[in-house]
Amino acid sequence: MESVSACSKLNKTLRQHYLNLPQGGKCQVTYIWIDGSGEGLRNKTRTLDEEPKSIADIPEWNFDGSSTDQSKGSDSDMYLVPVQMFRDPFILDPNKLVLCEVLKYNREPAETNRRISCNKVMEATKEHCVWFGMEQEYCLLSMDRYPYRWPKGGFPRPQGPYYCAVGADCVYGRDIVECHYKACLYAGIKICGTNAEVMPGQWEFQVGPCEGIDVADHLWVARFILHRVCEDFGLLATMDPKPIEGNWNGSGCHTNVSTKQMREEGGLKYIEQAIEKLSHRHQEHISVYDPRGGEDNKRRLTGLHETANIKDFSHGVANRGASIRIPRQVGQDGRGYFEDRRPAANCDPYSVAEAIVRTYTTLFCLGSESIY
């Protein structure tokens, strides 16, 4: 099998000719949604007569849920409800990317639509002004699903020279990373940084700070943009928490959290209170920090490779081997934020954000609903 896809080798100059054609005032809108796996993304595009000015201008749509593992063929229509709009970095203005919630035939949330529950919690706890920043790690793969530029059937040099590295012998796939970064900025994603990670071919980008539901909306669309950029280059991006077994780092989605009280003078006290509450619900959080109830994270959270053991809860200042890390600067300043290092790279950020806010505010149930 070739390292890159055949489609990536098609004539891009010829393609550009068609992309440059005028649209006659019309607008192409790409609807994006989470499929039945809880981690895959799907999309389809329609034409609107004019450029939408806000999310209210974009109509609901539908799709065949039996083809995305979200319904049966005998009753397959699912609703797409637009919730966030972004500029399209692939076919450019005036075209749009639109993140959608998925509703079933009875307009109840689909099983993998965790946004509705998360948003209810964020609205109910608005007075806390919770900010999030999420660090999305991922690994670039060739089409044979082996890490990009790794020797076929073998391994590169051991970990050490790759983290935040420069140089062709240490950096694998920077073109994709830089194109993804620029595409996110163009789209309006609140991306705030990127860096090469510990394992060769592993990277990270950060989204935030965002208040409430926005961090998860922006992270999902940033993931979509990453997969589309990789598609153009003929490679794959995986958020598998442990893409390669052995003495190699896994991939997480470290989640930084700060409330209004934590950011004010003396806020360290509230950070410590939050950590104490999190310590009592460790297993409940682990169960929603990957799509398979903790089974994916078992391979990553071993107590090695900058992780805590999945069975234990721990915390510390500047300790990347803990469940919760308090950054050194926060410890010195006495205020700021904490980092939950447990979420897997393939987590649903809605579930992660909701679980943290529920635990911190002791909002374990909202009506008849509970995330755990």
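Data block above holds the structure.
This structure is a prediction, so every number in the text was calculated from the model and none was measured.

A count of helical and extended segments in the chain gives 10 helices and 13 strands. The C-alpha atoms of the chain give a radius of gyration of 21 Å, which matches the 21 Å a tight globule of 372 residues would have. Once the C-alpha set of the chain is aligned to its principal axes, its extents read approximately 60 × 55 × 40 Å. Out of the 372 residues belonging to the chain, those deemed buried represent 52%.

With that settled, consider the nonpolar core. In this structure, Tyr138, Ile189, Ile225 and Phe338 are the most contacted members of the largest nonpolar core, which totals 78 residues. A per-element tally of this core places helix H4 (residues 214-233) first, with 11 residues. The contacts of Ile189, once residues within four sequence positions are left out, are Phe86, Cys184, Val207, His218, Val221, Ala222 and Ile225. One finds Val29, Leu48, Leu80 and Ala110 within the second-largest nonpolar core, a separate group that totals 14 residues.

On to the pattern of salt bridges. Opposite charge on two side chains permits pairing when their charged atoms draw close. The final tally for this structure, using the stated rule, is 25 salt bridges. Across the salt bridge formed by Arg292 and Glu39, the nearest N and O atoms sit 2.6 Å from each other. One end of the pair, Arg292, is in the loop between helix H7 (282-286) and helix H8 (295-298); the other, Glu39, is in the loop between strand E1 (27-34) and strand E2 (41-48), with 253 residues separating them in the sequence. Two residues, Lys260 and Glu264, come together in a salt bridge whose shortest N-O distance is 2.7 Å. Note on Glu264: relative accessible area 36%, which makes it partly exposed.

The subject of this paragraph is a nonpolar patch on the surface. A contiguous nonpolar surface patch, about 320 Å² in accessible area, is contributed by Leu14, Tyr18 and Leu21. What makes Leu14 partly exposed here is its relative accessible area of 49%.

Tallied over the full model, the rule gives eight aromatic pairs. A centroid spacing of 6.1 Å and a plane angle of 65° characterise the contact between Trp150 and Phe155, whose relative ring orientation is edge-to-face. The class for Trp150 is buried, based on a relative accessible area of 2%. The ring of Tyr186 carries the charged tip of Arg87 above its face, separated from the ring centre by 3.8 Å. Cation over ring: Arg107 sits above Tyr79, and NZ or CZ is 4.7 Å from the ring centre.

In this section: the sheet that holds strand E3 (residues 61-64). Overall, mixed pairing links the five strands, which are arranged E2-E1-E5-E4-E3 in an open sheet. The sheet is open, and its two edges are formed by E2 and E3, each paired on a single side. Averaged over all pairs of adjacent strands, the angle between strand axes in this sheet comes to 40°, irrespective of strand direction.

In this model, helix H6 (residues 268-279) (12 residues) spans 16 Å end to end at C-alpha, consistent with the 16 Å of a helix rising 1.5 Å per residue. Looking only at H6, the buried set comprises Leu268, Ile271, Ala274, Ile275 and Leu278. Buried residues of H6, viewed axially, fall in a sector of 115°; they line one side.

On to the pairing of E1. The buried fraction of E1 amounts to seven of the eight residues, a majority that puts the element mostly inside the structure. Hairpin connection from E1 to E2: six residues lie between these consecutive antiparallel strands, with Gly38 at a positive phi of about 85°. Inspection of the sheet shows E1 paired to strand E5 (residues 96-103) by four bridges, in the parallel sense. Residue pairing in the sheet places Val29 in a bridge with Lys96 of E5.

The next thing to look at is the environment of Ser76. Looking at where Ser76 falls in the secondary structure, it is placed in the loop between E3 and strand E4 (77-87). Taking C-alpha positions, Ser76 is 37 Å from His282, a pair spaced 206 residues apart along the chain. If sequence neighbours within four positions are ignored, Ser76 has contacts with Phe63, Asp64, Gly65, Ser66 and Ser71. Of note is the side chain of Ser76, whose polar atom sits 3.4 Å from the side chain of Asp64.

Its 13 residues give helix H10 (residues 349-361) an end-to-end C-alpha distance of 18 Å, which sits within 8% of 18 Å, the value for a rise of 1.5 Å per residue. For H10, the tally of buried residues reaches 13 of 13 residues, placing the bulk of the element in the interior. Residue Thr362 follows H10 closely and has a positive phi angle near 55°.

Here the focus is the state of the cysteines. This model, assessed by the stated rule, comprises zero disulfides. Of all cysteine sulfurs, the one in Cys210 lies closest to Cys192, which takes part in no disulfide; the gap is 8.2 Å.

The rules behind the values
- Residues numbered from 1 in each chain as written.
- Predicted model: local features only at pLDDT ≥ 70, side-chain atom pairs only at ≥ 80, totals over all residues.
- Heavy atoms only, no water.
- Helix = DSSP H or I, 4+ residues; strand = E, 2+ residues; numbered from the N terminus.
- Rg over C-alpha atoms; globule rule 2.2 N^0.38 Å.
- Buried < 20%, exposed > 50% of the residue type's maximum accessible area, 1.4 Å probe, protein only.
- Core = buried A, V, L, I, M, F, W, Y, C linked by side-chain atoms within 4.5 Å.
- Contact = heavy atoms within 4.5 Å.
- Salt bridge = Lys/Arg side-chain N within 4 Å of Asp/Glu carboxyl O.
- Patch = residues over 30% accessible without salt bridge, like charges linked within 9 Å, V, L, I, M, F, W, Y side chains within 5 Å.
- Areas by Shrake-Rupley, 256 points an atom, 1.4 Å probe, with all protein chains shown as cover.
- Phe/Tyr/Trp six-rings, centres within 6.5 Å; stacked < 30°, edge-to-face > 60°.
- Lys NZ or Arg CZ within 6 Å of the ring centre and 35° of its normal.
- Pairing = 2+ DSSP bridges.
- Axes fitted to C-alpha atoms, helices over the stretch in contact; angles between N-to-C directions.
- Expected span 1.5 Å × (residues − 1).
- Arc of directions from axis to C-beta.
- Polar contact = N/O pair within 3.5 Å; in protein donor to acceptor, adjacent residues only side chain to side chain.
- Disulfide = S-S within 2.5 Å.

Remember, this is a structural readout, not a statement about activity or role.
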